[in-house]
Amino acid sequence: MGRLDFLYRMELPHRAVVVYMYLADRANKDGECWPAIPRIAAELKLSQSTVRRALKDLRKEGLLETEQRYRTKGGKSSLLYKIQRK
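Here goes a summary of the coordinates provided.

### Points about the packing of aromatic side chains
Point 1. The full count for this structure, using the stated rule, is 1 aromatic pair.
Point 2. On the numbers, 6.0 Å between centres and 85° between planes, the contact of F6 with Y20 is edge-to-face. In this pair, F6 sits in helix 1 (residues 5–9) while Y20 sits in helix 2 (residues 14–26), placing the two residues 14 residues apart along the sequence.
Point 3. Relative accessible area serves as the criterion here: at 11%, F6 is assigned to the buried category.

This is how it looks when you write it as C-alpha cells:
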C-alpha cells in the first residue's frame, strides 16, 4: 500500500489530487511548505484560479490547513501550507 492510497480513494477533483501531491512533494518533515500560488500554477501548468479552487477543495476535505504569514513590518508574506493525512 502506497503512502498516498488514501488520496486516490477519495472523491476529489483531479486538480486537488495534483496540488496535494505537489505540496506533499515540497513539504518538510513537519508537512509544511510555502510556495506561492503563481509558482504552483506555473509548475503544474494550471491557472491560478484552478490552484485556488484545488486549495479550497483540500481545505474542505481536511487535507490541508493554511496560515497567512506576515513580514516583520506587518506586510503579508506567503501562505504556510500544512499537509494533513487521513
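### Points about unusual backbone geometry
Point 1. The phi angle at K45 is positive, at roughly 60°, despite the residue not being glycine.
Point 2. For K45, the position within the fold is in the loop between helix 3 (37–44) and helix 4 (48–60).

The rules behind these values
Residues numbered from 1 in each chain as written. Predicted model: local features only at pLDDT ≥ 70, side-chain atom pairs only at ≥ 80, totals over all residues. Heavy atoms only, no water. Phe/Tyr/Trp six-rings, centres within 6.5 Å; stacked < 30°, edge-to-face > 60°. Helix = DSSP H or I, 4+ residues; strand = E, 2+ residues; numbered from the N terminus. Buried < 20%, exposed > 50% of the residue type's maximum accessible area, 1.4 Å probe, protein only.

Everything listed is a geometric property; what it means functionally is a separate question.
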